[in-house]
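What follows is each chain in one-letter form.
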Amino acid sequence: GAGVSQSPRYKVAKRGQDVALRCDPISGHVSLFWYQQALGQGPEFLTYFQNEAQLDKSGLPSDRFFAERPEGSVSTLKIQRTQQEDSAVYLCASSLDSGANVLTFGAGSRLTVL
Amino acid sequence: AQSVSQHNHHVILSEAASLELGCNYSYGGTVNLFWYVQYPGQHLQLLLKYFSGDPLVKGIKGFEAEFIKSKFSFNLRKPSVQWSDTAEYFCAVSPSNSGYALNFGKGTSLLVTP
């Protein structure tokens with residue numbers, strides 16, 4: 001598609017529920033990134049994929065967070081047993097080349113955990 | 001650890017005023033530098049970037065930024081702001097030799113009044 005598409009745009013979960021957030025990057029983009037943006041903060045790096053390989057997951061805050069990109073295109077960020085501190089906007093970005101050069105961001109998925 | 005500091009969290013200017021937003025980073029090696037902008041209701045988008053060469057870089061919509069290596073700074077400037085420049089501005093840094101994680105500052109919210 002023309003841009004990075006994320007779904008759902010808004011998600012409300014009860015504490016303890018599992019959630020899955022989807023990212024559909026620009027077709028042909030090699031790199032895919034997930035960021036977490038808390039209210040009033042800048043985006044914080046979570047994880048990076050080059051094609052289907054997850055090359056960096058150092059930003060994932062706990063083992064409740066898991067991301068995959070099995071065919072090197074669509075990616076899913078899964079959060080298990082959600083906690084209130086997981087409430088944030090989750091941003092996906094992609095770039096044509098490897099590495100964090102010029103990123104195209106999606107609109108984000110706003111997660112609210114009650 | 002690498003960090004990015006944006007000095008002003010909220011800036012209010014009248015139309016036609018000049019703008020300068022500060023950005024400093026802490027990283028000893030070679031870096032790539034970016035300014036991203038998020039207009040109300042829109043995605044994060046790239047405003048300008050510096051990889052190497054002329055330290056004065058020009059971006060879209062009349063913005064420019066100057067990389068001063070000795071000061072670890074990459075300040076954003078615009079000689080005359082418009083109401084349409086109202087947005088959130090984020091400075092971001094990635095190491096040149098391992099550009100996986102793009103590290104963002106906390107952002108500066110700019111309000112331009114008519």
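Everything numeric in this text was worked out from a predicted model, so none of it was measured.

Enquirer: Mind showing me how you'd approach the state of the cysteines here?
Expert: The bond known as a disulfide is covalent and runs between the sulfur atoms of two cysteines. Under the criterion given, the structure shown has 2 disulfides over all chains. For A:Cys23, the disulfide goes to A:Cys92, at an S-S distance of 1.9 Å. Around the S-S axis, the bridge from A:Cys23 to A:Cys92 shows a dihedral of about -65° and counts as left-handed. Taken together, the residues A:Cys23 in strand β3 (residues 19–24) and A:Cys92 in strand β9 (residues 88–95) connect sequence positions 69 residues apart. A single burial state applies to A:Cys23 and to A:Cys92, both of which are buried. Two residues share a disulfide in this structure: B:Cys23 and B:Cys91, whose sulfurs sit 1.9 Å from each other. Taking the torsion about the S-S bond as the criterion, the B:Cys23 to B:Cys91 disulfide, at about -70°, is left-handed. With B:Cys23 in strand β4 (residues 23–26) and B:Cys91 in strand β10 (residues 87–95), the pair connects residues that are 68 residues apart, well separated along the chain. Each of the two residues, B:Cys23 as well as B:Cys91, counts as buried.

Enquirer: Would you mind going over the side chain of A:His29 with me for this structure?
Expert: All names here are of chain A. Residue position: His29 is located in the loop between β3 and β4 (31–37). A distance of 3.4 Å separates a polar atom in the side chain of His29 from the backbone nitrogen of Ser95. Once you skip the residues sitting within four places of it in the chain, His29 turns out to touch Arg69, Ser94, Ser95, Leu96 and Thr104.

Enquirer: Hey, could you run me through the interface of chain A and chain B in this one?
Expert: Many structure descriptions define interface size as the accessible area lost when the parts assemble. Opposite the 21 residues of chain A that make contact, chain B presents 18 residues. Note on chain A versus chain B: buried area summed over both sides is about 1500 Å², and carbon and sulfur give 61% of it. Our count for the chain A to chain B interface comes out at 0 salt bridges. On inspection of chain A and its partner chain B, the count reaches 3 residue pairs in polar contact (both at pLDDT 80 or more). Ranked by residue count, the leading element in the side of chain A that touches chain B is β4(A), at 3 residues. Of the residues in the side of chain A that touches chain B, the class split is 13 nonpolar, 7 polar and 1 charged.

Enquirer: Help me out: how do you make sense of the environment of B:Cys91 in this one?
Expert: Residue and element names in this part refer to chain B. Owing to a relative accessible area of 0%, Cys91 belongs among the buried residues under this scheme. Through-space distance from the C-alpha of Cys91 to that of Glu64 is 13 Å; in sequence the pair is 27 residues apart. Sequence-distant contacts of Cys91, defined by excluding residues within four places in its chain, comprise Val4, Gln6, Cys23, Phe34, Trp35, Asn103, Phe104 and Gly105.

Enquirer: Is there a simple way to explain the sheet that holds strand β7 (residues 65–68) of chain A in this structure?
Expert: Within a sheet, neighbouring strands are paired by backbone hydrogen bonds and run either parallel or antiparallel to one another. Residue and element names in this part refer to chain A. A sheet is described by the order of its strands in space; here 4 strands give the open sequence β1-β3-β8-β7, paired in antiparallel fashion. Taken across any chain shown, the strands that pair with only one partner, and hence form the sheet edges, are β1 (5–7) and β7. Recorded for the sheet is a direction-independent mean angle of 15° between the axes of neighbouring strands. One ladder, built from 5 bridges, connects β3 with strand β8 (residues 75–79); its direction is antiparallel. Within β8, the position partnered with Val19 by the bridge is Ile79.

Enquirer: Looking at this structure, I do not really get the pairing of β10(B). What am I missing?
Expert: All names here are of chain B. In terms of burial, β10 is a largely internal element, 8 of the 9 residues being buried. Note that strand β5 (residues 31–38) and β10 share 8 bridges and pair antiparallel. Bridging across to β10, Asn32 finds its partner in Ser94. Here β10 runs beside strand β12 (residues 108–113); their pairing, made up of 3 bridges, is antiparallel. Looking at β12, one finds that Ala87 is bridged to Leu110. Two strands pair when backbone bridges link them, and β10 and strand β11 (residues 103–104) are joined in this way by 2 bridges, in the antiparallel orientation. Its bridge partner being in β11, Val93 is matched across the sheet by Asn103.

Conventions and cut-offs
- Residues numbered from 1 in each chain as written.
- Chains lettered and ligands numbered in written order.
- Predicted model: local features only at pLDDT ≥ 70, side-chain atom pairs only at ≥ 80, totals over all residues.
- Heavy atoms only, no water.
- Disulfide = S-S within 2.5 Å.
- Helix = DSSP H or I, 4+ residues; strand = E, 2+ residues; numbered from the N terminus.
- Buried < 20%, exposed > 50% of the residue type's maximum accessible area, 1.4 Å probe, protein only.
- Polar contact = N/O pair within 3.5 Å; in protein donor to acceptor, adjacent residues only side chain to side chain.
- Contact = heavy atoms within 4.5 Å.
- Buried area = accessible area lost by both parts, 1.4 Å probe.
- Salt bridge = Lys/Arg side-chain N within 4 Å of Asp/Glu carboxyl O.
- Nonpolar A, V, L, I, M, F, W, Y, C, P; charged D, E, K, R; others polar.
- Pairing = 2+ DSSP bridges.
- Axes fitted to C-alpha atoms, helices over the stretch in contact; angles between N-to-C directions.

As far as function goes, none of this settles anything; it's purely spatial.
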